[in-house]
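Examining the three-dimensional arrangement
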Amino acid sequence: MQIMSNPATLKAAQPALPLEESPVSLPVTAPTEDSVLVKRSQQGDTFAYDDLVRRYQERVYATIYHMTANHEDANDLAQEAFIKAYQALKSFKGDSSFYTWVYRIAVNKTINFLKQRKNKIHLSLNDLDFNAENDPDLVALISDKTPRRDIALSELQEKLNGAMLKLSEVHRLVVTLHDVQGLSHEEIGKIMDCNIGTVRSRLFYARQQLQAYLSDYLK
Amino acid sequence: MDKENEPFEMLQKLLALKKHEQPPPGYFHSFSSKVIARLHVLEASRAATWRQRLGLDFDFKPAVMGASGVLVCGLLLVGVIASHGLSQTSTPNITALGDPSAFFPPSAGQALASGMALTPTLRPEEIPASTVPVSDTANSPFAQLTPRSQRVGFVFPAGN
């Protein structure tokens, strides 16, 4: 695919959607807008593709990060996923949304990476944002354990990520997509290419496993 | 919270902690531009590969480039020298072309010079034929090469 750099298209491209709203379902206007950007990207317009990347970068990165528990790996894999998506964009027919399609690429890439890495797990966790200390649910979980809340949170974060990594890739993925990112069963089914029943059963099993691993922190 | 999630209420509260894990500030500001930059690099490297396939990647191999330059210069020099030498040796021949006596043996030349027509006394071997080269081949290194024919019998095996 020939890369086209047309400054005129830069202005035409709409700014990315507010990504802080990421955990909820897609906005209604997104598919139409995406299809236009996808068409322009297929013609080699990198400005249009830049818009698509900015629109989904946080969600794609977050999914990979929660799967790998490593910022550097997530950074590399997220970039590679978007590059691969661009290279394969000509084969994108629009049967599914661009969002689902790019998500599937990212997920497959991550699962392949994790299978290769297997036992070489190295945590590189991101810092918690300021809101974590004020989250009432989290405060309730740790307040009676220790007076030093910041240390307890980081410890809890490490335990949680450790427990997540004990799950198989598909179970970790379903927990990440549903409980962390807030995707619906239907969306997860499309991304994982399986039916809703499978998604539900995997989610149930994964939660049971996590509950067992983290029992000390859930009393 | 629905029945499906009820047994895992505490776990889901704990999992909410994951939402607060954020990459370094400003990380996403440059993310898309990094992706696009990598795309441009890939595209450029792909073009370079095509150049290499076509053998046009001289700038990547200085030794090959230098050798090619020397070869081209050498060929050019040989060509200039050869053309110079050729022009010197071919000049008499060019003038001879204008002189019809050059195509005839000395006896015929004398006859032409004296204004007489060719006489029947001219021996057949003195008459130039189109298949006989005009130039003297006695000193030519190729004169030593005499083609010889030898009969060869091919035996073909019976069957298909």
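Rules and cut-offs
- Residues numbered from 1 in each chain as written.
- Chains lettered and ligands numbered in written order.
- Predicted model: local features only at pLDDT ≥ 70, side-chain atom pairs only at ≥ 80, totals over all residues.
- Helix = DSSP H or I, 4+ residues; strand = E, 2+ residues; numbered from the N terminus.
- Buried ≥ 20, exposed ≤ 12 C-beta atoms within 10 Å, placed from the backbone.
- Contact = placed C-beta atoms within 7 Å.
- Nonpolar A, V, L, I, M, F, W, Y, C, P; charged D, E, K, R; others polar.
- Pairing = 2+ DSSP bridges.
- Core = buried A, V, L, I, M, F, W, Y, C linked by C-beta atoms within 7 Å.
- Expected span 1.5 Å × (residues − 1).
- Axes fitted to C-alpha atoms, helices over the stretch in contact; angles between N-to-C directions.
- Parallel < 35°, antiparallel > 145°, perpendicular 65-115°, else oblique.
- Left-handed = near helix turned anticlockwise from the far one by under 90°.
- pLDDT = per-residue confidence, 0-100.

**Here's the deal with the overall build of chain B**
Within chain B, the regular secondary structure consists of four helices and one strand. Reading chain B from its N end, one meets helices and strands in the order α-β-α-α-α. Per-residue burial for chain B yields a buried fraction of 8% across its 160 residues.

**Topic: the overall build of chain A**
Looking only at helices and strands, chain A has eleven helices and one strand in total. A burial count over chain A gives 39% of its 219 residues as buried. Pairs at least 24 residues apart make up 70% of the contacts formed inside chain A by residues separated by at least 6 positions.

**Overview of the interface of chain B and chain A**
Frequently, the measure chosen for interface size is the accessible area that the parts lose on association. Listed by partner, the interface residues are 26 residues for chain B and 35 residues for chain A. Of all the elements in the fold, those that place two or more residues in the side of chain B that touches chain A are α1 (9-19), β1 (21-22) and α2 (31-53) of chain B. Per-class residue counts for the side of chain B that touches chain A are 14 nonpolar, five polar and seven charged. Both strand β1 (residues 127-128) of chain A and β1 of chain B contribute to a ladder of two bridges, which runs antiparallel.

**What about unusual backbone geometry?**
Positive phi values are uncommon outside glycine, yet A69 of chain A reaches one of about 55 degrees. Topologically, A69 of chain A is positioned in the loop between α3 (46-68) and α4 (71-87).

**Notes on the nonpolar core**
Residues and elements named next belong to chain A. Counting 61 residues, the largest nonpolar core has V60, I64, A78, A81, V102, A106 and V174 as its most contacted members. Broken down by element, the residue count for this core peaks at twelve residues, all from α3. Excluding residues that lie within four positions of it along the chain, V174 makes contacts with I188, V199, R202, L203 and A206.

**Section: helix α5 (residues 98-117) of chain A**
The terminal C-alpha atoms of α5 of chain A lie 28 Å apart, and with 20 residues this matches the ideal 28 Å at 1.5 Å per residue to within 8%. Where α5 of chain A terminates, the next one or two residues include K118 of chain A, which has phi positive at roughly 45 degrees.

**A few points about the packing of α3 of chain A against α5 of chain A**
Residues and elements named next belong to chain A. Here α3 crosses α5 at 30 degrees, and the two axes come no closer than 10 Å. The orientation of α3 with respect to α5, classified from their angle, is roughly parallel. Between α3 and α5 the crossing geometry is right-handed. Contact with α3, carried on its side by L52, Y56, V60, T63, I64, M67 and T68, involves F98, Y99, V102, Y103, A106, V107, T110 and L114 of α5 and no other residues of that element. Of the residues contributing to the contact of α3 with α5, the split by class is twelve nonpolar, three polar and no charged.

**Regarding the confidence of the model for chain A**
Summing up the model confidence of chain A, the mean pLDDT is 81 and the portion of residues at 70 or higher is 78%. Mean pLDDT across the secondary structure elements of chain A bottoms out at helix α1 (residues 7-12) of chain A, with 39, and peaks at α4 of chain A, with 95.

**Examining the environment of L160 of chain A**
Checked against the element boundaries, L160 of chain A lands in helix α8 (residues 149-166). Since 22 C-beta atoms lie within 10 Å of it, L160 of chain A is described here as buried. Separated by 57 residues in the primary sequence, L160 of chain A and Y217 of chain A place their C-alpha atoms 9.4 Å from one another. Those residues within four positions of L160 of chain A in sequence are excluded, and the remaining contacts are L214 of chain A together with L14, L17 and K18 of chain B.

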